[in-house]
Amino acid sequence: MSADRWAVVDAYLTDTLLPADPVLDDILAESAAAGLPDIQVSAPQGALLHLLARLQGARTILEVGTLGGYSTIWLARALPDGGRLVTLESEVRHAEVARANVDRAGLGDIVDVRVGPAMDLLPSLATDPATPFDLVFIDADKPNNPHYFAWARQLTRPGSLIIVDNVVRDGAVADSDSDDAGVQGTRQLLASIGSDPAVTGTAIQTVGVKGYDGFAIVVVSS
Ligand code: SAH
Ligand code: DHB
Ligand code: MG
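The rules behind these values
- Residues numbered from 1 in each chain as written.
- Chains lettered and ligands numbered in written order.
- Predicted model: local features only at pLDDT ≥ 70, side-chain atom pairs only at ≥ 80, totals over all residues.
- Heavy atoms only, no water.
- Salt bridge = Lys/Arg side-chain N within 4 Å of Asp/Glu carboxyl O.
- Helix = DSSP H or I, 4+ residues; strand = E, 2+ residues; numbered from the N terminus.
- Buried < 20%, exposed > 50% of the residue type's maximum accessible area, 1.4 Å probe, protein only.
- Near = heavy atom within 4 Å.
- Polar contact = N/O pair within 3.5 Å; in protein donor to acceptor, adjacent residues only side chain to side chain.
- Areas by Shrake-Rupley, 256 points an atom, 1.4 Å probe, with all protein chains shown as cover.
- Nonpolar A, V, L, I, M, F, W, Y, C, P; charged D, E, K, R; others polar.
- Donors = N, O, S within 2.8 Å, 3.2 Å for Na, K, Ca; no water.
- Patch = residues over 30% accessible without salt bridge, like charges linked within 9 Å, V, L, I, M, F, W, Y side chains within 5 Å.
- Lys, Arg positive; Asp, Glu negative; His and termini not counted.
- Charge placed at Lys NZ, Arg CZ, Asp CG, Glu CD.
- Pairing = 2+ DSSP bridges.
- Axes fitted to C-alpha atoms, helices over the stretch in contact; angles between N-to-C directions.
- Contact = heavy atoms within 4.5 Å.

**Student:** Would you mind showing me how to read the pattern of salt bridges here?
**Tutor:** Any two side chains of opposite charge can pair, on the condition that their charged atoms come close. All chains considered together, the criterion is met by 11 salt bridges. One salt bridge in this structure joins Arg93 and Glu96, with 3.4 Å as the shortest N-O distance. Linking Arg93 with Glu96, this pair stays in helix α5 (residues 92-104), spanning three residues, or about one helical turn. Judged by relative accessible area, which is 43%, Arg93 ranks as partly exposed. Residue Glu96 is classed as partly exposed on the basis of its relative accessible area, which comes to 42%. If you follow the salt bridges from partner to partner, you end up with Arg84, Asp112, Arg114 and Asp128 in one network.

**Student:** Help me out: how do you make sense of the site of ligand 2 in this one?
**Tutor:** In the neighbourhood of ligand 2, the contacting residues comprise Ile39, Asp139, Lys142, Asp165, Asn166, Arg169 and Lys210. Taking Asp139, its side chain carries an N or O atom lying 2.7 Å from an oxygen atom of ligand 2. Take Asn166: an N or O atom from its side chain is 2.7 Å from an oxygen atom of ligand 2. Considering ligand 2 on its own, with 290 Å² of exposed area, one finds that the protein chains cover 66% of that surface. The class makeup of the residues in the shell around ligand 2 is one nonpolar, one polar and five charged.

**Student:** Where do I start with the coordination of the magnesium ion (ligand 3) in this structure?
**Tutor:** Ideal geometry at a metal centre gives angles of 109.5 degrees when four donors are arranged tetrahedrally and 90 or 180 degrees when six donors are arranged octahedrally. At the metal site, the magnesium ion (ligand 3) is ligated by Asp139 (OD), Asp165 (OD) and Asn166 (OD1), and these contacts range over 2.0 to 2.1 Å. Considered as a linear motif, the donors of the magnesium ion (ligand 3) on their single chain read D-x25-D-N. Within this pair, whereas Asp139 is found in the loop between β4 (133-138) and α7 (145-154), its partner Asn166 is found in the loop between β5 (156-164) and α8 (181-195), the two being separated by 27 residues in sequence. Across the pair, exposure class does not vary: Asp139 and Asn166 are buried alike.

**Student:** Would you explain the side chain of Asn145 in this entry?
**Tutor:** Looking at the secondary structure, you find Asn145 in helix α7. For Asn145, a relative accessible area of 1% gives the class buried.

**Student:** Which parts of the structure should I look at to understand the site of ligand 1?
**Tutor:** Residues in close proximity to ligand 1 total 22 residues, the closest being Gly65, Ser71, Glu89, His94 and Asp139. Between ligand 1 and Ser71 there is a distance of 2.8 Å, counted from a nitrogen atom to a side-chain nitrogen or oxygen. Protein contact buries 88% of the 580 Å² of open area that ligand 1 shows by itself. Listing elements by their share of the shell around ligand 1, those giving two or more residues are α4 (70-76) and β2 (84-89). Grouping the amino acids of the shell around ligand 1 by side-chain chemistry returns 10 nonpolar, seven polar and five charged.

**Student:** Would you mind going over a negative patch on the surface with me for this structure?
**Tutor:** A cluster of acidic residues, Asp175, Asp177, Asp179 and Asp180, forms a negative patch on the protein surface. Examined against the element boundaries, Asp175 turns out to sit in the loop between β5 and α8.

**Student:** What is the right way to look at unusual backbone geometry in this model?
**Tutor:** Trans is the prevailing form of peptide bonds, just as negative phi is the prevailing case for residues other than glycine. Along the chain, Thr131 connects to Pro132 via a cis peptide bond; the corresponding omega equals 0°. Locating Pro132 in the fold gives a position in the loop between α6 (118-121) and β4. Although it is not a glycine, Asn166 sits at a positive phi angle of roughly 65°. In this structure, Asp170 takes a positive phi of about 60° despite not being glycine. Checked against the element boundaries, Asp170 lands in the loop between β5 and α8.

**Student:** I keep staring at the sheet that holds β4 and nothing clicks. Help me out?
**Tutor:** Picture the strands of a sheet paired through backbone hydrogen bonds; they go either parallel or antiparallel. The strand order β3-β2-β1-β4-β5-β7-β6 describes an open sheet built from seven strands, whose pairing is mixed. Each edge of the open sheet is held by one strand with a lone partner, namely β3 (111-115) and β6 (199-208). Along the sheet, successive strands turn relative to each other by an average axial angle of 15°, direction set aside. On top of the sheet, helix α1 (residues 3-17) reaches β6 and β7 (211-220); it is set at about 105° to β6, its chief contact. Helix α3 (residues 43-56) contacts β1 (60-64), β4, β5, β6 and β7 of the sheet and is inclined by roughly 175° relative to β5.

Below you can see the structure in the form of structure tokens.
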């Protein structure tokens, strides 16, 4: 079974299950034209994030790692009236493109794109009215994953959902002696999920247009 086949199936699933979405198509085109890397979640993955946010009844969402705002828009579209999404991005250029894309999607009043290294921005969220967040999506620099998870725990409440992208990375996550700081960061994050009695979490391997990867999904219980 090849990566080509995974991509063909993703295209089929997208065409069959997801309504045509000219706004999202435009946003991806704008991101590509601006030279942003093509590493956003796939359409079926974006739809999964959207469904999870709806199942969660999320009113406030925190995202770490905005890029051009593609996952941001899938998530923000799940929010009810009065909902809020705060997303953190270290690259000024990415944040500018994301702001324009979020505006294009009509979500400018709901989404707050903040620019800076997430570890510098996260402490200020402790006193933000959007805290505690109902859902946190972690998808930035992978070496910092353990720190982002610790902050997500601080900024959530019992019942909140924490989702982490890219936890499998072609299977590299299982290499205990990997010299990749991203792999080690993700392993530490997963170890802290597994050893924290106050959370219930799992990770699911995925294939598709983005290759072989996975999501961790965690419910905070206390
Ligand atoms: N969530 C996006 C993809 C994010 S890609 C989507 O699926 O649509 C990862 C992003 O994290 C990149 O834009 C990168 O610039 C940003 N990033 C990397 N290091 C960061 C840091 N220290 N703080 C905040 N953002 C960071
Ligand atoms: C990369 C980052 C991501 O968040 C992703 O989903 C895929 C790739 C990367 O940095 O290469
Ligand atoms: Mg990702």
